[in-house]
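Spelled out, the chains give:
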Protein chains: 2
Amino acid sequence: MPEFVCINSRDNEKIKEVVRISSSPKHRKTSGLFVLEGLRLCIDAYRNGYKIEKVFITDEVSKNPLVIELASSVNSCFKISADLFNKISDTKSPQGILCVCRIPTQQPQFNLKGRYIALENIQDPSNLGAIARTAEAFGLSGIIISDSGCDPFSPKVMRASMGALLRIPVFNFSDFADSLQKLSDEGMSIYATVVDGFDACVSDVDFCPGTVVIMGNEANGVSDVVRGIAKQKITLPMTGRAESLNVAAAAAIFIWEMTR
Amino acid sequence: MPEFVCINSRDNEKIKEVVRISSSPKHRKTSGLFVLEGLRLCIDAYRNGYKIEKVFITDEVSKNPLVIELASSVNSCFKISADLFNKISDTKSPQGILCVCRIPTQQPQFNLKGRYIALENIQDPSNLGAIARTAEAFGLSGIIISDSGCDPFSPKVMRASMGALLRIPVFNFSDFADSLQKLSDEGMSIYATVVDGFDACVSDVDFCPGTVVIMGNEANGVSDVVRGIAKQKITLPMTGRAESLNVAAAAAIFIWEMTR
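Before going into details, it helps to say that this report is about the structure given with it. (Residues numbered from 1 in each chain as written. Chains lettered and ligands numbered in written order. Predicted model: local features only at pLDDT ≥ 70, side-chain atom pairs only at ≥ 80, totals over all residues. Heavy atoms only, no water.)

As a further point, take the overall build of chain A. Assigned secondary structure in chain A consists of eleven helices and twelve strands. Referenced to the eigenvectors of the C-alpha coordinate spread, the extents of chain A come out at roughly 60 × 35 × 30 Å. Looking at chain A as a whole, 53% of its 260 residues qualify as buried. For chain A, contacts bridging at least 24 residues in sequence account for 76% of all contacts bridging at least 6. Counting only carbon and sulfur atoms, one obtains 48% of the accessible surface of chain A, whose full area is about 11,800 Å². A gap of 5 Å separates the mean positions of the 28 positive and 29 negative side-chain charges of chain A. (Helix = DSSP H or I, 4+ residues; strand = E, 2+ residues; numbered from the N terminus. Buried < 20%, exposed > 50% of the residue type's maximum accessible area, 1.4 Å probe, protein only. Contact = heavy atoms within 4.5 Å. Areas by Shrake-Rupley, 256 points an atom, 1.4 Å probe, with all protein chains shown as cover. Lys, Arg positive; Asp, Glu negative; His and termini not counted. Charge placed at Lys NZ, Arg CZ, Asp CG, Glu CD.)

Set out below in structure tokens:
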């Protein structure tokens, strides 16, 4: 049985550290840590080989066999009151389990014959999470994100992805345009998705292995410099009100067309 | 210039009535009223011919020309403090304008040669809102919903739909299965979307005019009785983790295939 140290004070350094990691993208970067909440996400991280540094639980979940299995693999286990848990939780109805995990330092293996969706400066956590879920459902090789977009290790994004971001390869291109140019030079087909000024409709594109499809920022779309790198600018023909289409809905259709 | 009556107390009957309409689906049904918050949604309702019964604003927005235009068309206009507005608002960052509108009593005109998406018992407000947006973007003839699903006139759903639900025809089928059976008898092609036990992949279906595609509940999918009515059970072939696919993402792909 794992041993749990009790923490009662909100001023405890370990509690304060959880709040910092949870709320600050910058602090996640410097510490190399992120926070997951809820049994399902914590178990997903555990089963997918993430290094769990600390686990915080409430008494309520301490008898759950999955919680015991997970906690047995972790060196630092803490028990806190439901009240204190509410204070550090990012959710309205906390489940009473929270893990501090290490952000992988190694990028996963990139496959030049794979199929990827690349997200330039996506700002909404729900959109990033939803796109990750669709990418996983259709078996994409991974997701590429830009440094300027929302942090995939934020608690909100992790929750919206229902753990998909823990299971599929995520590539953080700190120089987004440059890295895409290199992939293009290495023979990959790069497509920018656009509303205006397109070269082709998505239905007319033959997506071969070795493809990257770029979705742009919610307000501004794919930037000019990234459009310039693309082999083709492609679009979804719409008969209705185009501004209605949300980027996660558009991404679902592009991913479907890439993998059908 | 419209005249605004000031209300200062949370115990004012008109304030209490807004909270009741906003929070209770049952009260919306009995009163025939719903609540919209935010300038964009209120203007959408105004421009789409919804009858606005009351408007509540804070001082901050009272000089906005759009607010003045809207309020000029409304008989009962109230000004309340930002503090009181926060208390009746359903959002974290209220914009200072809220309308009480009448739910249309007449169903819109149904077109037997149209293309519709039907939602059986969709529970999540974000999903209903997102599907409405996609339906509008691709110019579907309308959305059919079941009585058992979440209320399209709830403030959360209206917000998630970004006003799409105010602009496209919405049909509430109180007897969902029966009504679909009638449409089938009248010659429409009814398709149920399923994960298992399908007759065809969506790509192999030729969606003619006069089509209804049914999306099922988030947890349980399309019910057996509704599957029994469908001409065909259709699916999206997935190579990845099928349970990852969210119903709004799946709906985006089905709507795309229906209208391409």
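Further notes follow.
Sheets are built from strands paired through backbone hydrogen bonds, the pairs being either parallel or antiparallel. Residues and elements named next belong to chain A. With respect to topology, five strands assemble into an open sheet ordered S1-S4-S3-S5-S2, the strand pairing being mixed. Taken across any chain shown, the strands that pair with only one partner, and hence form the sheet edges, are strand S1 (5-7) and strand S2 (33-37). On average, each strand axis in the sheet is tilted by 25° relative to the strand beside it, whichever way the strands run. For strand S3 (residues 52-57) and strand S5 (residues 97-102), the ladder comprises five bridges, and the chain directions are antiparallel. Pairing of Ile 57 across the sheet is with Ile 97, part of S5. Across the sheet, helix H1 (residues 13-23) touches S1, S2, S3, strand S4 (76-80) and S5, and the angle it forms with S2 is around 95°. Helix-sheet contacts for helix H4 (residues 65-72) involve S3, S4 and S5, and the interaxial angle to S3 is about 145°. (Pairing = 2+ DSSP bridges. Axes fitted to C-alpha atoms, helices over the stretch in contact; angles between N-to-C directions.)

A separate point is the relation of the copies chain B and chain A. Taken as rigid bodies, chain B and chain A are interconverted by a rotation of 180° and an axial shift of 0.0 Å, the fit giving an RMSD of 0.0 Å. In symmetry terms, the pair is related by a two-fold rotation axis. (Least-squares fit on C-alpha atoms with pLDDT ≥ 70 in both.)

What follows is about empty space enclosed by the protein. Residue and element names in this part refer to chain A. One pass over the structure, following the stated rule, counts one cavity of 30 Å³ or more. Every residue lining the largest cavity is listed: Leu 119, Ile 122, Leu 128, Ile 145, Ser 146, Gly 149 and Cys 150. A breakdown of the residues in the lining of the largest cavity according to their chemical character gives five nonpolar, two polar and no charged. (1 Å grid on protein atoms, 1.4 Å probe; cavity = no way out; pocket = protein on both sides within 12 Å on 5 of 7 lines; lining within 4 Å. Points joined across faces, edges and corners; volume = space filled by probe spheres on them. Nonpolar A, V, L, I, M, F, W, Y, C, P; charged D, E, K, R; others polar.)

On to unusual backbone geometry, then. Residue and element names in this part refer to chain A. With a phi close to 50°, Met 162 is a non-glycine residue in the positive phi region. Assignment of secondary structure puts Met 162 in the loop between helix H7 (155-160) and helix H8 (164-167). Take Met 162: its relative accessible area is 35%, and that puts it in the partly exposed class.

Right, let's talk about the pattern of salt bridges for a bit. Residues and elements named next belong to chain B. For the structure shown, the criterion picks out 27 salt bridges over all chains. We note a salt bridge from Arg 167 to Asp 44, for which the minimum N-O separation is 2.6 Å. On the criterion of sequence distance, the pair formed by Arg 167 in helix H8 (residues 164-167) and Asp 44 in helix H3 (residues 39-47) is long-range, its members being 123 residues apart. Each of the two residues, Arg 167 as well as Asp 44, counts as buried. Between Asp 90 and Arg 159 there is a salt bridge, and its shortest N-O distance comes to 3.1 Å. A residue pair is termed long-range when its members are at least 10 positions apart, and Asp 90 in the loop between helix H5 (82-88) and strand S5 (97-102) and Arg 159 in helix H7 (residues 155-160) qualify at 69 residues. Take Asp 90: its relative accessible area is 33%, and that puts it in the partly exposed class. (Salt bridge = Lys/Arg side-chain N within 4 Å of Asp/Glu carboxyl O.)

A word on a positive patch on the surface. Taken together, the side chains of Lys 92 and Lys 156 of chain A together with Lys 92 and Lys 156 of chain B define a basic patch exposed on the protein surface. Position of Lys 156 of chain B relative to the elements: it lies in helix H7. (Patch = residues over 30% accessible without salt bridge, like charges linked within 9 Å, V, L, I, M, F, W, Y side chains within 5 Å.)

Next up on the list: the interface of chain B and chain A. The figure often quoted for interface size is the accessible area lost as the parts come together. In this complex, chain B contributes 26 residues to the contact, which on the side of chain A involves 26 residues. Taken over both partners, the interface formed by chain B and chain A buries close to 2,300 Å², and the fraction arising from carbon and sulfur atoms is 54%. The tally of links from chain B across to chain A stands at four salt bridges. The partner of Glu 257 of chain B in a salt bridge is Arg 260 of chain A, and the shortest N-O contact between them spans 2.8 Å. (Buried area = accessible area lost by both parts, 1.4 Å probe.)

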